[in-house]
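What the coordinates show
Okay, here's what each chain looks like letter by letter:
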Amino acid sequence: MLILTLSYGERRGFVPKNFAVLQDDWTALDYTTGMSDAAKAPRGHGLHSHTPHIEGHFESTEVVRDIVIGLSDGLTVPFALAAGLSGAVASSHIVVLAGLAEIAAGSIAMGLGGYLAARGDAEHYVSERDREAREIVERTHDEEEEIYEIFEQYEVDRASAAPVLSALKQNPTAWVDFMMRFELGLEEPEPNRAYRSALTIAASYIAGGFIPLLPYMLVSDNFAALKLSVVITLLALGVFGALKGKLVGTGWLRSAVQTVLIGGVAAAAAYGLARFLNAHS
C-alpha cells in the first residue's frame, strides 16, 4: 500500500485542485482542503476511530497584504511629513493642507502601484500557463522528466511517481495546473484582483493618513498638535504592528516594536532635517 500526500502547509508549495492521492489500487481521489468537512464527518467507534487533524495555520490573503501595505505607509509617510513641517512652520493650517495633499497623492500612487502589480501578476500567469500548455504537447518527454524531478525533491522515487505522471497525462488541464504550482510556484489570480487591490491599498492609505493629521485639525497650537500627533500615531503604529504580528505569527510584541521604531525614526528624521534646514536657510 502506497500513500502519497503533499500538504500545502507542511511542505513547500502549491497543491493542485485535482491532485490525486493514490492508494491500494491506484484509485484517484480528488484532493480537497475542506477541513471543516473533515471535522463534521461522523466518527466511528473502536480502535480505528480518531479525531481529524485540523490545522490552524493563518493563510494570509491578498486583501490582508494590501491592507498592511496601505496602512503602514499611510501611518508613516503623512506622520513624517507633518512632523517635518512642524519643524519648519508654525501654522497647523499649513500642515493640514500639506498633509491632505500628500494623502491624496500618496493614495493614488499606492493604489496605482497595487493595480499595476496585480495586472502584471495576472498577465504573467496567463503567459506562463500558455507556455506550459504548449510544452506538454511539444516537449512531452522534458515535461515528464520535470515531474520526476519535482517528486525527487520530496524523496519520492521514479517508480512511485510514475502512476501519478500517468494519471496527469490523462488530464492535460490537471497536468498544466500541477506544473504551474509545483514547478513555477504560481497561483491563478482572482478575477478583478487588480481593481480590488488598488481600492484596498488606497482606502487603507487614506485611513492611516488621517490619524497623524487629526490633532492638527483639532488643535490650533502647532507644537501641541505635534506632541499629540506623536502620541496618537505611535500608539496606532503599535496597535497595527501587534495585530499584524499576531496574524502572521511572528510575535505581536516584536512586530509592534519594529513598527513603532520605523515610524518614529522616519518622523524624527523629517522633523530634525526640517528644523536644521529652516535654521540655516
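Residues numbered from 1 in each chain as written. Predicted model: local features only at pLDDT ≥ 70, side-chain atom pairs only at ≥ 80, totals over all residues. Heavy atoms only, no water.

**Overview of helix α2 (residues 62–86)**
For an α-helix, 3.6 residues make a turn, and residues three or four places apart therefore share a direction. Using the following cut-off: Helix and strand assignments come from DSSP, with helices taken as H or I runs of at least 4 residues and strands as E runs of at least 2, each series counted from the N terminus. Here a helix's expected span is defined as the number of its residues, less one, multiplied by 1.5 Å. Under the scheme applied here, a residue whose accessible area is under 20% of the maximum for its type counts as buried, over 50% as exposed, and between as partly exposed, the area being computed with a 1.4 Å probe on protein chains only. Any two residues having at least one pair of non-hydrogen atoms within 4.5 Å are treated as being in contact.
In a regular helix each residue adds 1.5 Å, so 25 residues correspond to 36 Å; α2 covers 36 Å between its end C-alpha atoms and thus fits that length. Buried within α2 we find Asp 66, Gly 70, Gly 74, Leu 75, Thr 76, Pro 78, Phe 79, Ala 80, Ala 82, Ala 83, Gly 84 and Ser 86. Those residues of α2 that are buried lie in contact with α3 (92–138), α7 (193–218), α8 (222–248) and α9 (252–279).

**Remarks on the packing of aromatic side chains**
Our working definition: Each aromatic pair joins two rings of Phe, Tyr and Trp (for Trp, the six-membered one) with centres within 6.5 Å, and gets the label stacked for planes under 30 degrees apart, edge-to-face for over 60, and tilted for any other angle. Should the NZ of a Lys or the CZ of an Arg lie within 6 Å of a ring centre and within 35 degrees of the ring normal, that charge is described as sitting over the ring.
Applying the stated criterion across every chain yields a total of four aromatic pairs. Taken together, a centroid distance of 5.8 Å and an interplanar angle of 20° make the contact between Phe 151 and Phe 178 stacked. One end of the pair, Phe 151, is in helix α4 (residues 140–152); the other, Phe 178, is in helix α6 (residues 172–183), and 27 residues separate them in sequence. Like Phe 178, Phe 151 is buried. Ring plane angle 20° and centroid distance 4.5 Å describe the contact between Phe 178 and Phe 182, whose orientation is recorded as stacked. Of this pair, Phe 178 and Phe 182 both sit in helix α6, four residues apart, roughly one helical turn. Connected via pairs of aromatic rings, a cluster forms that spans Phe 151, Tyr 154, Phe 178 and Phe 182. Its guanidinium or amino end placed over the ring of Tyr 148, Arg 158 lies 4.1 Å from that ring's centre, counting from NZ or CZ.

**Looking at the side chain of Glu 143**
The condition is simple: For the charge count, each Lys or Arg is scored as positive and each Asp or Glu as negative, with His and the chain ends excluded. Here, a salt bridge means any side-chain nitrogen of Lys or Arg that lies within 4 Å of a carboxyl oxygen of Asp or Glu.
Among the secondary structure elements, Glu 143 is positioned in helix α4. The buried charged residue Glu 143 lacks any salt bridge partner; its closest oppositely charged side chain belongs to Arg 131, at an N-O distance of 5.9 Å. Each residue touching Glu 143, except ones within four places of it in the same chain, is listed here: Glu 132, Glu 135, Ile 136, Trp 175, Met 179 and Glu 183.

**Some words on the nonpolar core**
Condition: What makes a nonpolar core is a set of buried Ala, Val, Leu, Ile, Met, Phe, Trp, Tyr and Cys residues whose side-chain atoms join them at distances within 4.5 Å.
Within the largest apolar cluster, 20 residues are counted, with the highest numbers of intra-cluster contacts made by Ile 147, Ile 150, Phe 151, Leu 168, Trp 175, Phe 178 and Met 179. Those elements giving two or more residues to this core turn out to be α3, α4, α5 (158–169) and α6. Core analysis: the second largest hydrophobic core is formed by eleven residues, Val 95, Val 96, Ile 103 and Ala 225 among them.

**A few points about a nonpolar patch on the surface**
Our working definition: Candidate patch residues must exceed 30% relative accessible area and have no salt bridge, after which like charges are joined if within 9 Å and Val, Leu, Ile, Met, Phe, Trp or Tyr side chains if within 5 Å. For accessible areas, the Shrake-Rupley method is used with a probe of radius 1.4 Å. Any residue's cover is judged against the shown protein chains and nothing else.
Together, Leu 100, Ile 206, Phe 210, Leu 214, Met 217 and Leu 218 give the surface a local cluster of nonpolar side chains, amounting to about 510 Å² of exposed area. Here the element with the most residues in the nonpolar patch is α7; it accounts for five residues. Relative to the helices and strands, Leu 100 resides in helix α3.

**Topic: α5**
Counted only if it meets this: Summarising the geometry, the arc corresponds to the directions from the helix axis toward the C-beta atoms.
Here α5 contains twelve residues, and its C-alpha end-to-end distance of 15 Å stays within 8% of the 16 Å for a straight helix at 1.5 Å per residue. Listed in full, the buried residues belonging to α5 are Ala 161, Val 164, Leu 165 and Leu 168. Buried residues in α5, looked at end-on, bunch into an arc of 105°, giving them a common side. Taken together, the buried residues of α5 touch α4 and α6.

**Remarks on the packing of α7 against α8**
Stated formally: Geometry is summarised by axes, namely lines fitted to C-alpha atoms with helices restricted to the contacting stretch, and by angles between N-to-C directions that run from 0 to 180 degrees. Should an angle fall under 35 degrees it is taken as roughly parallel, and over 145 as roughly antiparallel, whereas 65 to 115 is taken as roughly perpendicular and any remaining angle as oblique. Each crossing gets its handedness from the near helix: less than a right angle anticlockwise from the far helix is left-handed, clockwise is right-handed.
Contact geometry for α7 and α8: axes closest at 8 Å, N-to-C directions at 155°. One way to sum up the angle between α7 and α8 is to call them roughly antiparallel. With respect to the hand of their crossing, α7 and α8 are arranged in right-handed fashion. Note on element contacts: α8 touches α7 through Asn 222, Ala 225, Leu 226, Leu 228, Ser 229, Ile 232, Thr 233 and Ala 236, opposite Ile 211, Pro 212, Pro 215 and Tyr 216.

**Some details on the environment of Tyr 205**
Tracing the backbone shows Tyr 205 in helix α7. Residue class for Tyr 205 comes out buried when judged on its relative accessible area of 2%. Apart from residues lying up to four places away in sequence, Tyr 205 is in contact with Gly 70, Leu 71, Asp 73, Gly 74, Val 77, Pro 78, Glu 102, Ile 103, Gly 106, Ser 107 and Met 110.

**Remarks on the pattern of salt bridges**
Tallying each qualifying case throughout the model produces twelve salt bridges. Among the salt bridges present, the one from Arg 131 reaches Glu 132, with a minimum N-O distance of 3.5 Å. Look at Arg 131 and you get partly exposed, because its relative accessible area is 26%. Arg 196 is the partner of Glu 190 in a salt bridge, and the nearest nitrogen-oxygen pair spans 2.8 Å. Residue class for Arg 196 comes out partly exposed when judged on its relative accessible area of 36%. Taken together, the shared-partner salt bridges in this structure form one network comprising Glu 128, Arg 131, Glu 132 and Glu 135.

Remember that the coordinates give geometry; whether it matters functionally is a separate question.
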